[in-house]
Amino acid sequence: MEKYIWLIPLLPLAGFVINGLGRNILSKAVIGFIGSLLVLLSFGLSVAAFCQIKSTGQAINVDLFNWFSVGSLQVNFSFLVDQLSSIMLLIITGVGFLIHLYSVGYMHDDDGFGKFFAYLNLFVFFMLLLVMGSNYLIMFIGWEGVGLCSYLLIGFWYTNPSYADAAKKAFIMNRIGDLGFLIGIFLIFNTFGSIAYADVFGKALTTPGAPFVLITLLLFVGAVGKSAQLPLFTWLPDAMAGPTPVSALIHAATMVTAGVYMIARSNILFTMAPQTMEVIAIIGLLTAAFAALIALTQTDIKKVLAYSTVSQLGYMFLGLGVGAYTGSFFHVLTHAFFKALLFLGAGSVIHAMGGEQDMRKMGGLSGKIKITFVTMLVGTIAIAGIPPFSGFFSKDEILAAAYAHSVTFYVIGVITAMLTSFYMFRMMYLTFWGKFRGTHEQEHHLHESPPSMTIPLIVLAILSAVGGMIGVPAVMGGHHELGAYLAPVFEESHKILGEHELSHNTEWALMGTSVLGALIAMAYAYIKYVKGAHVPVEDTQERGLLANLSYNKFYIDEIYDFLIRKPLDALSVFFYNVVDKLGIDGLVNGIGKSAVESGKGLRLLQTGNVGFYIFMMVAGIVAILLYSLKLFTI
């Protein structure tokens, strides 16, 4: 298998080249076939790599070539496919293929069809590079690459100024985090003399005096930007400006989980810095709760899912912060299933509604688009944490670890889970229950999506329903297959952190509490939006204080605008008018003007009068004589 590992990222890159160069030559059918097939082949190779690692228990290391050497720094372009990265490969290529297939139908009428598939393929290439690299530099190349692709895909419909602004916002906010990540890599090299995972993690265990807190905080800054945590989360909801398949691929299944993967990959460094882990847990918990509060009142179906993604990412960071590395990564896996399903399902709804995204203008769609309805219902139950669907197992594993760490963390986590259940079922009830609230033209247009869109929904619904079975806890009579598989990656960290076993009675009580909370929230949403037929107010109508704060995202963008953008704009104006125009330009132009003016004065001495010239010569001679007689000095 080692000799074919390099093909896993190369195949999507080939798709980018072929579709990019042939976007105006090849037919849409050929472009869609090539783009999807190459990702499917990459998925097949990823499955083969996973099977080999599972059977042998050994990671696959492939050194392709010696990239460069600078002083003591030697960087090999090499790949590491172990238990952790093999799971990520399956997520990226498997879910990525389903999204490519979905895009064939969703983007069929778009003039930029070929360019879109080229960008999708390029994104998959960079994401694979990010998770397959055996050192931090290759990870950083993939890290920057997916940032570039997110810019291209979010702003794909760039003729709309607001979409272009959303792309720029995502790119700039990610750069803030990326700077911290890059400085962290520099510090890793300065501390351990290498950036290769094997060297760094090995030396970390034998270098107790290393600046682990500073290193991990810098790495975490990178994760905050990429995975949309407080305070760098506002780019992700705006990123819904991109086509719906982009939302599913980048902002549900892959790119936003890159920060979680990076911390899980660097788990030894973070375990050696308990202060950083506490910060991660607090930021993750605050992000989960804050984003859930915002999602409660949103009326755009994609915005609800966007803030849901931010909230679920917060759960993942909570798990990382309390040492539940396996639980956090388990949630990455299940979240990829149900959130990709929900985004693609939302795209199917939007497709049926002729582009409409406002849930206030939907309703009664369950009988019109039955496949979309059933599959989205599965995804909603999964994200709400109701057993036996996948989200229940991964979310409760994180909550159990949070309880073992701090009861306060657990309580806030359960309340957030209740909010999640409420706003997700609110979305379902407003969209699929009640009477249709759109126009007659929209009602006439309602139809189920084509098979290229519904087949991925069905596959993802099945995975959302049964995907949690790979992590059934012992208390429920299962064997945590995923935990056993990932054990070698987190072995050293678990030794340092120790085991925090809970009694079976405590585990049952914790699970019962979270499930009961989710069911209560679901029932309350049903009473309010189905029985009470409540429809969110129009933007022109008055809302309550808390509802208004939630609907306006607690004015975070406005606060950033007031505290950061406006002062920077004012500072820029000051530098332009004072430093640049009066200072620099004034100095440079002043020198030029003085030369011009002095030239004008000296020009007057050139009169063309011979008598004047003789007079000046005599005056000069007299001056020289006086100077030679030392009657005056210069």
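The rules we used
Residue positions within a chain follow its written sequence, with the count starting from 1. Residues qualify for local features only when their pLDDT is at least 70, as the model is predicted, and side-chain atom pairs are given and counted only at 80 or more; totals for whole chains, interfaces and linings, by contrast, use all residues. Remark: hydrogens and water are excluded; side-chain values derive from all non-hydrogen atoms of the structure. Counting from the N terminus, the helices are DSSP H or I runs at least four residues long and the strands are E runs at least two residues long. The buried label goes to any residue with under 20% of its type's maximum accessible area, the exposed label to any with over 50%, and the partly exposed label to all in between, with areas taken from a 1.4 Å probe on protein chains only. Here is the rule: rings of Phe, Tyr and Trp (six-membered ring for Trp) pair when centre to centre is within 6.5 Å. Planes less than 30 degrees apart are stacked, more than 60 are edge-to-face, and the remainder are tilted. One speaks of a salt bridge when a side-chain nitrogen belonging to Lys or Arg is within 4 Å of a carboxyl oxygen belonging to Asp or Glu. Given the number of residues in a helix, its expected span is that number minus one, multiplied by 1.5 Å. Throughout this description, a polar contact denotes any pair of N or O atoms lying within 3.5 Å of each other; where both atoms belong to protein, one of them has to be capable of donating a hydrogen while the other can accept it, and for residues adjacent in sequence the pair is counted only when both atoms sit in side chains. Each cavity reported here is a set of points on a 1 Å grid over the protein atoms alone in which a 1.4 Å probe fits but cannot get out, each pocket an open set with protein on both sides within 12 Å along at least five of seven lines, and each lining residue one with an atom within 4 Å of a point. Grid points are joined across faces, edges and corners, and a volume is the space filled by probe spheres set on the points. Residue type decides the class: Asp, Glu, Lys and Arg count as charged, Ala, Val, Leu, Ile, Met, Phe, Trp, Tyr, Cys and Pro as nonpolar, and the leftover types, Gly among them, as polar. In plain words, nonpolar cores are sets of buried Ala, Val, Leu, Ile, Met, Phe, Trp, Tyr and Cys residues tied together by side-chain atoms within 4.5 Å. Any two strands with at least two DSSP-identified bridges between them are counted as paired. Values of pLDDT, which run from 0 to 100, indicate the predictor's confidence residue by residue. We call two residues in contact when some of their heavy atoms are within 4.5 Å. Fitting a line to C-alpha atoms yields each axis, with helices limited to the stretch in contact; the angle taken between N-to-C directions then spans 0 to 180 degrees. Under this scheme an angle from 65 to 115 degrees is roughly perpendicular, one under 35 degrees roughly parallel, and one over 145 degrees roughly antiparallel; angles in between are oblique.

## Examining the overall build of the protein
Inference 1: Regarding its fold elements, the protein presents 25 helices and 2 strands.
Inference 2: Considered along the principal axes of its C-alpha atoms, the protein spans approximately 115 × 65 × 55 Å.
Inference 3: Buried residues in the protein amount to 53% of all 634 residues.

## Some remarks on the packing of aromatic side chains
Here a ring pair, both rings aromatic, is described through the centre-centre distance and the interplanar angle of the planes.
Inference 1: Per the stated rule, a full pass over the model turns up 33 aromatic pairs.
Inference 2: Ring geometry for Phe50 and Tyr485: centres 5.1 Å apart, planes at 55 degrees, overall tilted. A residue pair is termed long-range when its members are at least 10 positions apart, and Phe50 in helix H2 (residues 28–56) and Tyr485 in helix H21 (residues 481–497) qualify at 435 residues.
Inference 3: Among the residues examined, Tyr485 registers a relative accessible area of 10% and is labelled buried.
Inference 4: Through pairs of rings, three or more aromatic residues link up here, namely Phe113, Phe116, Phe117, Tyr119, Phe156, Trp157 and Tyr163.

## Some thoughts on the pattern of salt bridges
Inference 1: Applying the stated criterion across every chain yields a total of 12 salt bridges.
Inference 2: Close ionic contact of Lys168 with Asp165 constitutes a salt bridge, the shortest N to O distance being 3.5 Å. Residue Lys168 and its partner Asp165 are both found in helix H6 (residues 161–192); the two are separated by 3 residues, about one turn of the helix.
Inference 3: Classification of Lys168 as partly exposed rests on a relative accessible area of 43%.
Inference 4: Note that Asp178 is salt-bridged to Arg175, the shortest N-O span being 2.3 Å.

## Quick word on helix H5 (residues 136–154)
Inference 1: Relative to the 27 Å expected for 19 residues at 1.5 Å per residue, H5 spans 26 Å between its end C-alpha atoms, a close match to the ideal helical length.
Inference 2: The N-capping residue of H5, defined by a side-chain oxygen 3.0 Å from the backbone nitrogen of Leu137, is Asn135.

## Some points on the environment of Tyr163
Inference 1: Structurally, the position occupied by Tyr163 is in helix H6.
Inference 2: According to the relative accessible area criterion, Tyr163 is partly exposed, its value standing at 27%.
Inference 3: Separated by 10 residues in the primary sequence, Tyr163 and Leu153 place their C-alpha atoms 10 Å from one another.

## What about the layout of surface pockets?
Inference 1: Considered as a void within the structure, the largest pocket measures approximately 1100 Å³ in volume.
Inference 2: Along the walls of the largest pocket sit 38 residues, with Glu397, Ala401, Glu499, His500 and Glu501 positioned nearest its centre.
Inference 3: Listing elements by their share of the lining of the largest pocket, those giving two or more residues are helix H13 (274–295), helix H15 (325–352), helix H17 (390–405), H21 and helix H22 (504–531).
Inference 4: When residues of the lining of the largest pocket are assigned to their parent elements, the largest contribution, 8 residues, is made by H17.
Inference 5: Tallied by class, the residues present in the lining of the largest pocket amount to 18 nonpolar, 14 polar and 6 charged.

## Points about the nonpolar core
Inference 1: Of all hydrophobic cores here, the largest spans 184 residues; its most connected members are Phe123, Tyr136, Leu269 and Met427.
Inference 2: Counting residues in hydrophobic clusters, the runner-up holds 18 residues, among them Ala281, Leu318, Val322 and Leu510.

## Considerations on the pairing of strand E2 (residues 73–81)
Inference 1: Counting buried residues in E2 gives 7 out of 9 residues, a clear majority hidden from the surface.
Inference 2: Adjacent in sequence and paired antiparallel, strand E1 (residues 60–70) and E2 are bridged by 2 residues, among which Gly71 carries a positive phi angle near 60 degrees.

## A short note on the pairing of E1
The two faces of a sheet get side chains in turn, since along a regular strand they alternate between them.
Inference 1: Note that E1 and E2 share 9 bridges and pair antiparallel. Of the residues in E2, the one forming a bridge with Ile60 is Val81.

## Things to note about the confidence of the model for the protein
Detailed reading of the predicted model is not advised wherever pLDDT is low.
Inference 1: For the protein, the average pLDDT comes to 91, and 99% of its residues sit at 70 or higher.
Inference 2: Ranking the elements of the protein by mean pLDDT puts helix H10 (residues 244–253) last, at 80, and H13 first, at 96.

## Side note on the side chain of Ser194
Inference 1: One can find Ser194 in the loop between H6 and helix H7 (197–204).
Inference 2: Overall, Ser194 belongs to the buried group, its relative accessible area being 11%.
Inference 3: Looking at Ser194, its side chain comes within polar contact range of the main-chain nitrogen of Ala196, at 3.1 Å.
Inference 4: Setting aside residues no more than four positions away along its own chain, Ser194 makes contact with Ile188, Phe189, Asp199 and Val200.

## Brief notes about H22
Inference 1: Under the 1.5 Å per step criterion, the end-to-end length of H22 is 38 Å for 28 residues, consistent within 8% with the ideal 40 Å.
Inference 2: Taken together, the buried positions of H22 are occupied by Glu507, Leu510, Met511, Ser514, Val515, Gly517, Ala518, Ala521, Ala525 and Tyr529.
Inference 3: Where H22 is buried, its residues contact helix H16 (370–384), H17 and helix H18 (407–432).
Inference 4: Immediately downstream of H22, the backbone of Ala533 shows phi near 50 degrees, a positive value.

## Some words on the environment of Trp508
Inference 1: Within the secondary structure, Trp508 sits in helix H22.
Inference 2: Under the relative-accessibility criterion, Trp508 is labelled partly exposed at 46%.
Inference 3: Contacts of Trp508, omitting those with residues within four sequence positions, involve Val475 and Met476.

## Here we look at the side chain of Thr93
Inference 1: Topologically, Thr93 is positioned in helix H3 (residues 83–106).
Inference 2: Residue Thr93 is classed as buried on the basis of its relative accessible area, which comes to 0%.
Inference 3: Residue contacts for Thr93: discarding those within four places in its chain leaves Val39, Ser42, Phe43, Ser46 and Leu128.

## Notes on the environment of Glu2
Inference 1: You can see Glu2 is positioned in the segment before helix H1 (7–21).
Inference 2: Here Glu2 falls in the partly exposed class, since its relative accessible area comes to 37%.
Inference 3: Separated by 332 residues in sequence, Glu2 and Thr334 place their C-alpha atoms 28 Å apart.
Inference 4: Here Glu2 is in contact with Gln52, Ile60 and Val62, once residues within four sequence places are set aside.

## Notes on the packing of helix H8 (residues 212–226) against H13
Inference 1: Where H8 contacts H13, the two axes come as close as 9 Å, and the packing angle between them is 25 degrees. As the angle between them shows, H8 and H13 are arranged roughly parallel. When H8 is examined against H13, the residues Val213, Thr216, Leu217 and Phe220 are found in contact with a partner set consisting of Gln275, Thr276, Val279, Ile280 and Ile283.
Inference 2: Across the contact of H8 with H13, the residue classes break down as 6 nonpolar, 3 polar and no charged.

## Details of unusual backbone geometry
Inference 1: Put simply, Leu230 and Pro231 share a cis peptide bond, and its omega is 5 degrees.
Inference 2: Along the chain, the position of Pro231 falls in the loop between H8 and helix H9 (235–238).
Inference 3: Pro388 follows Pro387 through a cis peptide bond whose omega is 5 degrees.
Inference 4: By the secondary structure assignment, Pro388 is in the loop between H16 and H17.
Inference 5: Here the phi dihedral of Phe554 falls at roughly 55 degrees; this positive angle occurs in a residue that is not glycine.

## Focus on the packing of H2 against helix H4 (residues 113–132)
Inference 1: Where H2 contacts H4, the axes come no closer than 9 Å and their chain directions differ by 10 degrees. Comparing their axes, H4 and H2 come out roughly parallel. Here Lys28, Ile31, Gly32, Gly35, Ser36, Val39 and Ser42 of H2 come into contact with H4, specifically with Phe113, Gly114, Phe117, Asn121 and Leu128.
Inference 2: Split into classes, the residues belonging to the contact of H2 with H4 amount to 5 nonpolar, 6 polar and 1 charged.

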